[in-house]
Amino acid sequence: MAVAETQLYAKVSNKRRSKSTSALLESLLAKGFPAHIAQKALAATGQKTIEDAAKWLHSHCNDPSLDDPIPQEYALYLCPTGHLQNHLQEFWKESKRQCGKNRAHEIFPHITLCDFFTCEDQKVELLYDTLKRVGDSFSQSFPPFISLSLHSSTSYLGFFVGDSHANILKDFALAFSSEASALADCHVKPCLKQLHLTLAHKFYPHHQKTLEQLAKCINPGETCQWVAALYSRDMRFVHYQTLRALFQYKPQNIDELMINAGDLVYVDPTQQSDVSEGWVIGTSHRTGCRGFLPENYTERANESDTWVKHREYVFVTASRLFTQTENEPNVKMNGGVYNPSTSRSVTNVLSLQNATLRRGVLVMRHGERVDQVFGKSWLQQCLTADGKYYRADLNFPSTLPKRKDSMKDFECDPPLSCCGIFQSKLIGEALLEQEVTVSYVYSSPALRCVQTAHHVLQGLKLDQKVKIRVEPGLLEWTKWEASRVIPNFMTVTELAEASYKIDTSYRGNFPLSSLVPSESYEEYVSRSSAVIKQIITACPSKGNGVILIVGHGSSLASFTRPLIGLPARDSSDFAQAVRKIPSLGMCFCEEIKEQNKWQMVNPPVKTLTHGANAAFNWRNGIVED
């Protein structure tokens, strides 16, 4: 397209998008709709066509909030189009596939010029006029390209706008906010801090390197036409989750919500605690009606899926109509010089997955054990006179697995409590939510560790796919065994017969018979260093697969420190550190294969914190003094 033709298109396009909407309002008034409801319909649909507004009014005929004088919220964004937008969308897709969803995926690529503000429905047209007028005044001074440099931290990745270009954009935002505030009688606050285009936000730190690798494939100097766009959202549902209906649901009861496939539903997470399992209560974006709906009929949608684009102003600059030439300056990226001729697409980088996808090792302490709650004599509390097990408290396990020898072996090899089982499943579900891929699982031979691994896999929905390798070398420092002997653990055959998914073909690096009772600290450190290295060697890299190791409180330091090249702690310091490690405490190490080393990063899931719940006798203090 010739320069003159493109500039003419921009003028016509901007003029068409800013035409008066009074004719739309008059048409709705002529149909008998009250003025405030007609204006609400126009504001909710972007004041585009009479058909859109009439359809909205028909859908919202039973909306209980139809008469409420609640305005929309508006924001002004600068959005890229063309090749740059295509590469950014490709990054959005690949970053979500490889690292899971982060906060940036909720909204499309943009630079915020004016954050959300409210404007009365009858004055929205003044915002359109302001955008057109201010856009025209800045059209000649708008930069031919916007300088973008990549910046990264443990929770943010994005392009920062260069100072000289940022100043022009800030002046544009300030001019819009000043005029809009005066004409439309609303408070518009321009963004005057560091302008940026976010690529990823609030992700887990162990994904940082992968995201950076994908981001470096984006050439910020790509041909791009920038558009200043005015968006709106329903201010009532700002802090809600947005769900998308996968199927149609026809209500069976009066308090249920009618949904069609593709409908968007606002759900307040704080209002779901009293809702029956498998159901949610929400408000339909299409109809404004509220009711219950089956959760498995929906999937998570993006926050911006419910937003409405009202008007846009297209900035056209002649120097960006053609591909960048050799004489044009290179764009700064990551503090260095980026040569656009070396740009690669994100999909090309995927062929180099061994360099970008890193395997990890997640070392985890077992869940809450029964003797941790009920003391060393816990078993005596649970045995009848004839030696049969019964559940003396709801936190005792409902049953105990069968073992060939005496029940007394449980005293030195205790199981998880019911809370410990719940903790383990919860951690597995959290790992699943973060799309953590567990490829291998190793466990100490202690029953509590095997059970923890089993229930974590259940939470991950991998209990039928990944088997547990019982490794005696993962046992804690034997000096800490209360019996001063190696406990009589259940055999792998017994564990398998108890329905734990055990790899019965696995042969441990350290047979139980090789473990020394009351070993020295130096012996324990040497054993731990050897076993972690042997596990790493035995587990070939599967992309970004994780090796899960379930052990004891001592495992976190003794297996990770040799992996990242740190010496063992002094024995007294080691003991003090271990005492502070709670149930399901964890450490995560990530491999940097190109540097032939490992580094410790934040675990992929958050910590699990809860309070104590003491035993309660209703007689004490209730009936008896």
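What comes next is a walk through the structure. (Residues numbered from 1 in each chain as written. Predicted model: local features only at pLDDT ≥ 70, side-chain atom pairs only at ≥ 80, totals over all residues. Heavy atoms only, no water.)

## Quick look at helix H5 (residues 82–99)
The condition that has to hold: Where helices and strands are cited, they refer to DSSP runs of H or I of at least four residues and of E of at least two residues respectively, numbered from the N terminus. A helix is expected to span 1.5 Å multiplied by its residue count minus one. The buried label goes to any residue with under 20% of its type's maximum accessible area, the exposed label to any with over 50%, and the partly exposed label to all in between, with areas taken from a 1.4 Å probe on protein chains only.
The first and last C-alpha atoms of H5 sit 26 Å apart over 18 residues, in line with the 26 Å expected at 1.5 Å per residue. Buried residues of H5: Leu84, Gln85, His87, Leu88, Glu90, Phe91, Trp92, Glu94, Ser95, Gln98 and Cys99, and no others. Where H5 terminates, the next one or two residues include glycine 100, which has phi positive at roughly 85°.

## Structural notes on the packing of aromatic side chains
To keep things clear, this is the line we draw: For Phe, Tyr and Trp, where Trp contributes only its six-membered ring, two rings pair if their centres lie within 6.5 Å, and the inter-plane angle classes them as stacked under 30 degrees, edge-to-face over 60, or tilted in between.
The final tally for this structure, using the stated rule, is 30 aromatic pairs. Judged by centre distance (4.8 Å) and plane angle (35°), the ring pair of phenylalanine 108 and tyrosine 231 falls under tilted. On the criterion of sequence distance, the pair formed by phenylalanine 108 in the loop between H5 and strand S2 (111–119) and tyrosine 231 in strand S6 (residues 226–234) is long-range, its members being 123 residues apart. Judged by centre distance (5.5 Å) and plane angle (80°), the ring pair of phenylalanine 172 and phenylalanine 315 falls under edge-to-face. Pair noted here: phenylalanine 172 is in helix H7 (residues 163–184) and phenylalanine 315 is in strand S12 (residues 308–315), with a separation of 143 residues, a long-range link. With respect to class, phenylalanine 172 is no different from phenylalanine 315; both count as buried. Site record: aromatic cluster; members linked through ring pairs are Tyr77, Phe108, Phe116, Tyr231 and Trp307.

## With respect to the pairing of strand S1 (residues 72–80)
Defined as follows: A strand pair is defined by DSSP finding two or more bridges across the two strands.
Most of S1 sits out of view: nine of its nine residues are buried. Along S1, one buried face is formed by Gln72, Tyr74, Leu76, Leu78 and Pro80 and the opposite face, lined by Glu73, Ala75, Tyr77 and Cys79, is buried too. Pairing between S1 and S6: nine bridges, direction antiparallel. Within S6, the position partnered with proline 80 by the bridge is tryptophan 226. Pairing geometry for S1 and S2, over six bridges, is antiparallel. When the sheet's bridge partners are listed, glutamate 73 is paired in S2 with threonine 118.

## Things to note about helix H4 (residues 50–59)
To be explicit about the condition: The contact criterion used is simple: two residues touch if any of their non-hydrogen atoms lie within 4.5 Å.
Of the positions making up H4, those classed as buried are Ile50, Ala53, Trp56, Leu57 and Ser59. Buried residues belonging to H4 abut helix H2 (22–30) and helix H3 (35–45).

## Side note on the sheet that holds strand S9 (residues 279–284)
Two pairing modes exist for strands in a sheet, parallel and antiparallel, and in both the strands are linked by backbone hydrogen bonds. To keep it simple, the criterion reads: For helices, the fitted line uses only the C-alpha atoms of the stretch in contact; every axis is such a line through C-alpha atoms, and the angle between N-to-C directions lies from 0 to 180 degrees.
The strand order S10-S9-S8-S7-S11 describes an open sheet built from five strands, whose pairing is antiparallel. With one partner strand each, in any of the chains shown, strand S10 (290–294) and strand S11 (298–300) form the two edges of the open sheet. Strand-to-strand twist in this sheet, taken as the mean axis angle between neighbours without regard to direction, amounts to 45°. Looking at chain direction, strand S8 (residues 264–267) and S9 are connected through three bridges and run antiparallel. Paired with tyrosine 266 across the strands is threonine 283, a residue of S9.

## Remarks on the side chain of serine 555
The criterion, for reference: For the purposes of these results, a polar contact is taken to be a pair of N or O atoms within 3.5 Å, where, inside protein, one atom must be able to donate a hydrogen and its partner to accept one; residues adjacent in sequence count only when each atom of the pair is a side-chain atom.
The residue serine 555 is located in helix H17 (residues 555–560) in this model. Within the local environment of serine 555, its side chain forms a polar contact with the backbone nitrogen of histidine 552, the two atoms lying 2.8 Å apart. Those residues in contact with serine 555, other than ones at most four positions away along the chain, are Val363, Leu474, Tyr524 and Thr560.

Function-wise, these values are silent; they only describe arrangement.
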